Amino acid sequence: CRPICRKVASAAMSTVHPSPLRRAWTRLLRLGFRLLYNEMAFTYDTVSRVVSLGQWRDWQRVALEHLDAPPGAAILELAHGTGDLQIDLLAAGFGPVGVDVSRAMGRIARRKLRGRALPARLVRARAQALPFAANSFPAAVSTFPAEFIVDPATLAELARVLAPGGRLVVVVNGLLTRRGVAEEALEFAYRATGQRGPWPGDIEGRFADAGFAFARVDHPLDGSLVSLIVATKQDATYP
């Protein structure tokens, strides 16, 4: 659950040769997001609610409807953040395992899970070097991740740890469809920080190169529209 860091990814990817001003803006955003996910991680849940007008958790939960995994299945979550989706996955009857590179997020997620007497199967690791055996998970999920999710190294690791036919569900974006002063102000902020900017132009090719069938899905909710990537591992066995 990397929330607004999608803004950084899009801002950085929106042009091949960014201007000095854009480069400075991107560096400033990266600093802000680094603080949000580390030293200021305790503010993450509040920030998420504010920037979504309270719909952040609904947007996260949309991922559950697209996992296509059997009850009790082990589900890998990349960038587990403060642990909210771990709670949702457990409530849905799955056996989630979370990965995040941020120590601060790991501490918050563990406290949140243990405070509810729930298992905290959390690992500190990079998505580009997952500490799991091949074909370990029938599905993986990531909500509002940074650009690491389309790094070819990440996709190669996901192809390795997902079982044949395994599905990767990525909640990319949430768009407020009602229009009012608050919604317009937030939409302006999203655009100013790159949230609505494009993913890499070769994104489908990156997934295909890693052995995934790629699909974009728009999931409507009351007052918003959630954009997802649903990718399915195609090879029968990982080499």
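Note that the structure is a prediction, hence the values are computed from the model and not measured. (Residues numbered from 1 in each chain as written. Predicted model: local features only at pLDDT ≥ 70, side-chain atom pairs only at ≥ 80, totals over all residues. Heavy atoms only, no water.)

Colleague: Would you mind showing me how to read the overall build of the chain here?
Modeller: Scanning the chain from N- to C-terminus turns up 9 helices and 7 strands. For the chain, the residues scored as buried account for 51% of the 239 residues in total. Long-range contacts, defined as pairs at least 24 residues apart, comprise 72% of the intrachain contacts of the chain with a sequence gap of at least 6. Just so you have it, the chain exposes about 10,700 Å², and 58% of that area is on carbon and sulfur atoms. (Helix = DSSP H or I, 4+ residues; strand = E, 2+ residues; numbered from the N terminus. Buried < 20%, exposed > 50% of the residue type's maximum accessible area, 1.4 Å probe, protein only. Contact = heavy atoms within 4.5 Å. Areas by Shrake-Rupley, 256 points an atom, 1.4 Å probe, with all protein chains shown as cover.)

Colleague: I'm lost on the pattern of salt bridges in this one. Help?
Modeller: For the coordinates displayed, the defined rule picks out 7 salt bridges. Measuring nitrogen to oxygen at the nearest pair gives 3.7 Å for the salt bridge that ties Arg57 to Asp84. One end of the pair, Arg57, is in helix α4 (residues 56–61); the other, Asp84, is in helix α5 (residues 84–91), with 27 residues separating them in the sequence. Note on Asp84: relative accessible area 14%, which makes it buried. The salt bridge partner of Asp88 is Arg61, with a shortest N-O separation of 3.4 Å. Note that Asp88 is positioned in helix α5 and Arg61 in helix α4, a separation of 27 residues in sequence. Overall, Asp88 belongs to the buried group, its relative accessible area being 9%. With a relative accessible area of 36%, Arg61 lands in the partly exposed category. Overlapping salt bridges bring together Arg57, Asp58, Arg61, Asp84, Asp88 and Lys112 as one network. (Salt bridge = Lys/Arg side-chain N within 4 Å of Asp/Glu carboxyl O.)

Colleague: I keep staring at the pairing of strand β2 (residues 95–100) and nothing clicks. Help me out?
Modeller: Regular strands place their side chains on alternate faces of the sheet. When you tally the buried positions in β2, you get 6 out of 6 residues, the bulk of the element. Burial along β2 is two-sided: the face carrying Gly95, Val97 and Val99 and the face carrying Pro96, Gly98 and Asp100 are both buried. Where strand β1 (residues 74–78) lies against β2, 5 bridges are found, and the strand directions are parallel. Of the residues in β2, the one forming a bridge with Ala74 is Gly95. Of the crossover connections in this fold, the one passing from β1 over α5 to the parallel β2 is right-handed. Both β2 and strand β3 (residues 122–124) contribute to a ladder of 3 bridges, which runs parallel. Paired with Asp100 across the strands is Arg124, a residue of β3. Between the parallel elements β2 and β3, the chain passes through helix α6 (residues 103–115) in a crossover that is right-handed. (Pairing = 2+ DSSP bridges. Right-handed = clockwise from strand over helix to strand, strands pointing away.)

Colleague: Just to check I follow, could you spell out the environment of Asn173 for this structure?
Modeller: Tracing the backbone shows Asn173 in strand β5 (residues 162–176). The class of Asn173 is buried, set by a relative accessible area of 9%. As for Asn173 and Gln60, which are separated by 113 residues in sequence, their C-alpha atoms are 9.8 Å apart.

Colleague: Would you mind showing me how to read the packing of aromatic side chains here?
Modeller: What the rule picks out here adds up to 6 aromatic pairs. Taking the centre distance of 6.0 Å and the plane angle of 50° together, the rings of Trp56 and Trp59 count as tilted. Of this pair, Trp56 and Trp59 both sit in helix α4, 3 residues apart, roughly one helical turn. The pair Trp56 / Trp59 is uniform in exposure class, with both members buried. (Phe/Tyr/Trp six-rings, centres within 6.5 Å; stacked < 30°, edge-to-face > 60°.)

Colleague: Please clarify how the sheet that holds strand β4 (residues 137–143) should be interpreted in this entry.
Modeller: What holds strands together in a sheet is hydrogen bonding between their backbones, with the strands either parallel or antiparallel. One open sheet holds the 7 strands; their spatial order is β3-β2-β1-β4-β5-β7-β6, and the pairing between them is mixed. Edge strands, defined here as strands with exactly one partner in the open sheet, are β3 and β6 (212–221). When the angles between neighbouring strand axes are averaged without regard to direction, this sheet yields 20°. With respect to the sheet, α5 is in contact with β1, β2, β3 and β4, its orientation differing from that of β2 by roughly 165°. Sitting on the sheet, α6 touches β2 and β3, and the angle it makes with β3 is about 170°. (Axes fitted to C-alpha atoms, helices over the stretch in contact; angles between N-to-C directions.)

Colleague: Sorry, what's going on with the nonpolar core here?
Modeller: Looking at soluble globular proteins, one finds that nonpolar side chains tend to be buried together. One finds Leu76, Leu78, Leu158 and Phe207 to be the most contacted residues of the largest nonpolar core, which totals 30 residues. The set of elements that each furnish at least two residues to this core consists of β1, β2, β4, α7 (152–161), β5, α9 (203–209), β6 and β7 (224–233). Aside from chain neighbours lying at most four places away, what touches Phe207 is Val150, Leu155, Leu168, Phe212, Phe214, Ile229 and Ala231. Grouped together as the second largest cluster of nonpolar side chains are 20 residues, Val51, Leu67, Ala73 and Leu89 included. (Core = buried A, V, L, I, M, F, W, Y, C linked by side-chain atoms within 4.5 Å.)

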